[in-house]
Amino acid sequence: MKIDTLLYARWILPIEPQGVLLENHAIAIDNGRIEAILPAGEAAQCYSADTIRHLDQHILLPGLINLHGHAAMTLMRGLADDLPLMEWLQQHIWPAEQQWVGKEFVHDGSLLACAEMLRGGTTCFNDMYFFPEETVRAVEQAGMRACVGLIMIDFPTPYAQSPDEYLSKGIALHDQLRSHSLITTAFAPHAPYTVSDDPLQRIRTYAEELDIPIHMHVHETAHEVAESQNQDGKRPLQRLDELGLLNPHLLAVHMTQINPDEIARLAEAGVHVVHCPESNLKLASGFCPVHQLQQAGINLCLGTDGAASNNDLDMFSEMHSAALLAKAVAGDASALPAEDVLRMATLNGARALGLEQEIGSLEVGKSADVIAVDLGTLETQPVYHPVSQLVYTAGREQVTDVWVAGRQLLNQRELTTIDTHTVLERVSDWQRRLAHLD
C-alpha cells in the first residue's frame, strides 16, 4: 500500500495504552493521520511511502502539549527578573504592555514562540494574550496546533476597552475559527482578581453553550488568596464555585495555594489543573500539591507559562522540574514517575482541551502529531529505560524532527515553515524598542 510517510524508530512510546513501549516498530502516516503502528519488518512488507525515515537511535512519541502560556511575551524574555509576582506585573510587565502591545508585537512574539516550541517538541499550545487574532496568524504560518484564548480582563488595554468589547471580539474570533483543522478556542479570563462577577458569569454561560474551555490563573499566590478573603471574605475558589465555574470546562492554572477540602471539591467538579512548576519556582509563588491532586483523580496537565516569567518555553525542562518538585513536596521519591509526567505533557493536556480523540497519543486514526527524540547522543547514553531518559536526561535540543497532522515542521533540527533569519531580525528590532522603555 502506498502512503505519505513511513517512520522507522528504535522505540515508539504511544502513551496509550499506558505502560507500553514498542521496540523496532514503525508508524505509517497517510493524509495526516496514523494509518498503522507495526513491527518494522511488517511495515516494510505492507507499505511503500513518499517519505521514509530510519530513526535508529530515536524514540517517537506524541507531540508535547503546552497547556499554559502567553506566546507573545517571548519578546519580554528577561525584561524584569528576580521579582515577586505583583511587583513584576504592576511595575514592569503591565507598563511595558500598555506602551508596546499591539498587532505587530503579538504576531512577532507569537511567531518566535512557535519557532521555539517546535524546536522543543511542542506541537500544540494553549495561549492567553491580547490580540489573539495575531496569535492565530502566527500559528497558521508555523503550521502547528493551538488553543487560542479569548482574553477577558476588567480594565482597558490596547486590545479592548470594556468587558463587553473583550467578549464580542472573542466570540467573533471563535466563530471565525469554528471549522479550523488545527486551531480551537477557550475563554481566557485572566484571574479572579482581575475579572469581576458579571463577566465571569457570562463567560460560564457562553462556555457551556459553545462547549469550549475556560482557561484562567487561579490561586497562584498566597497574596491573591489573602486579598480575596480581605475583600469579600471568600477564597477565590469559593467565589468561582458560587459563580458556577467549577466544572469540567475549567482549566485552573498554577493552583499553588489549595487545601484538602478544595482538592476534594476540584475532583468532584471535574476541574483540570495546569501545573507550571518553573514559573512558580522563579516567582516564589508556592508549590502545587501535584501528588495529592493526582491521588484525588484530578486531570493534571503541564505548562511553561510565558517566557517573561519562566524564561523559556521548554516542555522537556518543565517535565524534569515537575517530576523532581513533586517528589520533594510529597516527601516521596515515587511520586509523579516519568511515565505520569509524560502523560501530563501529552494526553492529559489533550483531554483538558477536549482534543483527546485527535491528539495526545499515538493511536491508529489519530492525527499524526509526532516528535522524534535522539537518545543516541553522548549525553543520553547508555539507555536502560527510554521513558525515564526522556524526563530525567534528554533536553529539547535532542528533538530532531516534528510532524503536525503528518506535515513535517522540523526536519533534522531545521524549521521548514518559519524563516529563522527573519524572526531573529524582528526580535532584534523589538529588543531595541523595549530596552528603551519610557
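Higher on the page you've got the structure.
Residues numbered from 1 in each chain as written. Predicted model: local features only at pLDDT ≥ 70, side-chain atom pairs only at ≥ 80, totals over all residues. Heavy atoms only, no water.

Some details on helix α6 (residues 197–210)
Compared with an ideal rise of 1.5 Å per residue, which puts 14 residues at 20 Å, α6 spans 20 Å between its outermost C-alpha atoms and is within 8% of the ideal. Those residues of α6 that sit buried are P199, L200, I203 and A207. End-on view of α6: buried residues confined to an arc of 95 degrees, all on one side of the axis. Where α6 is buried, its residues meet β7 (145–152), α5 (163–176), β8 (183–189), β9 (214–218) and α8 (236–242). Two residues or fewer after α6 comes D211, characterised by a positive phi angle close to 55 degrees. (Helix = DSSP H or I, 4+ residues; strand = E, 2+ residues; numbered from the N terminus. Expected span 1.5 Å × (residues − 1). Buried < 20%, exposed > 50% of the residue type's maximum accessible area, 1.4 Å probe, protein only. Arc of directions from axis to C-beta. Contact = heavy atoms within 4.5 Å.)

Side note on a nonpolar patch on the surface
A cluster of nonpolar side chains, namely L281, F287 and V329, defines an oily patch on the protein surface of about 270 Å² accessible area. Topologically, L281 is positioned in helix α10 (residues 277–282). (Patch = residues over 30% accessible without salt bridge, like charges linked within 9 Å, V, L, I, M, F, W, Y side chains within 5 Å. Areas by Shrake-Rupley, 256 points an atom, 1.4 Å probe, with all protein chains shown as cover. Salt bridge = Lys/Arg side-chain N within 4 Å of Asp/Glu carboxyl O.)

Remarks on the pairing of β7
Across a regular strand the side chains alternate sides, sitting on one face of the sheet and then on the other. Buried residues dominate β7, accounting for eight of its eight residues. Of the two faces of β7, the one lined by R145, C147, G149 and I151 and the one lined by A146, V148, L150 and M152 are each fully buried. In this structure, strand β6 (residues 122–127) lies alongside β7, joined through four bridges in parallel fashion. Bridge pairing links C124 to R145 in β7. In terms of strand pairing, β7 meets β8 through seven bridges, oriented parallel. Across the sheet, V148 pairs through a bridge with T185, a residue of β8. Assessed by its sense of winding, the connection that carries the chain from β7 through α5 to β8 is right-handed. (Pairing = 2+ DSSP bridges. Right-handed = clockwise from strand over helix to strand, strands pointing away.)

Structural notes on the environment of C301
Mapped onto the elements of the fold, C301 is located in strand β12 (residues 300–302). Sequence-wise, C301 and A252 are 49 residues apart; in three dimensions their C-alpha atoms are separated by 9.9 Å. Not counting residues within four places of it along the chain, the set of residues in contact with C301 comprises L67, V273, V274, H275, M344, N348, G349 and A352.

Comments concerning the nonpolar core
Taken as a class, soluble globular proteins show a tendency for nonpolar side chains to be buried jointly. One finds M76, W88, F105 and V373 to be the most contacted residues of the largest nonpolar core, which totals 118 residues. Ranked by residue count, the leading element in this core is helix α3 (residues 103–119), at nine residues. In this view, V373 contacts Q57, H58, I59, L61, F316, L390, A394, Q398 and V399; residues no more than four positions away in its chain are not counted. In terms of nonpolar packing, the next biggest core, distinct from the first, is built from 15 residues, V253, C276, C301 and L355 among them. (Core = buried A, V, L, I, M, F, W, Y, C linked by side-chain atoms within 4.5 Å.)

Here we look at the sheet that holds strand β14 (residues 399–404)
Strands sit in the order β3-β2-β1-β4-β13-β14-β15-β16 across an open sheet of eight strands; the sheet is mixed. Unpaired on one side and paired on the other, β3 (33–39) and β16 (414–415) mark the two borders of the sheet. Where strand β1 (residues 2–12) lies against strand β4 (residues 48–62), nine bridges are found, and the strand directions are parallel. Looking across to β4, one finds that I3 is bridged to A49.

Description of the packing of α5 against α6
Each pair of packed helices gets described by two things: the angle between the helix axes and the distance between those axes. At a minimum axis separation of 11 Å, α5 and α6 run at an interaxial angle of 15 degrees. Taken together, the axis directions place α5 and α6 in an arrangement best described as roughly parallel. Of the two elements, α5 crosses α6, and the hand of that crossing is right-handed. Taken together, the residues of α6 that come into contact with α5 (itself represented by P163, D164, L167, I171 and H174) are P199, R202, I203, Y206 and L210. Along the lines of polarity and charge, the residues of the contact of α5 with α6 split into seven nonpolar, one polar and two charged. (Axes fitted to C-alpha atoms, helices over the stretch in contact; angles between N-to-C directions. Parallel < 35°, antiparallel > 145°, perpendicular 65-115°, else oblique. Left-handed = near helix turned anticlockwise from the far one by under 90°. Nonpolar A, V, L, I, M, F, W, Y, C, P; charged D, E, K, R; others polar.)

A closer look at the packing of aromatic side chains
Counted under the stated rule, the structure contains seven aromatic pairs. Where W100 meets W430, the ring centres are 6.2 Å apart and the plane angle is 85 degrees; that geometry is what we call edge-to-face. Note that W100 is positioned in helix α2 (residues 85–100) and W430 in helix α16 (residues 420–434), a separation of 330 residues in sequence. The interplanar angle of 85 degrees and the centroid separation of 5.2 Å between the aromatic rings of F105 and W430 together place this pair among those described as edge-to-face. Linking F105 in helix α3 with W430 in helix α16, this pair joins segments that are 325 residues apart in sequence. (Phe/Tyr/Trp six-rings, centres within 6.5 Å; stacked < 30°, edge-to-face > 60°.)

Notes on the packing of α3 against α16
Between α3 and α16, the shortest axis-to-axis distance is 10 Å and the interhelical angle comes to 125 degrees. With respect to their mutual orientation, α3 and α16 come out oblique. Note that α3 runs across α16; the crossing there is left-handed. When α3 is examined against α16, the residues E104, F105, D108, L111 and L112 are found in contact with a partner set consisting of V423, R426, V427, W430, R433 and L434. Classifying every residue of the contact of α3 with α16 by side-chain character gives seven nonpolar, no polar and four charged.

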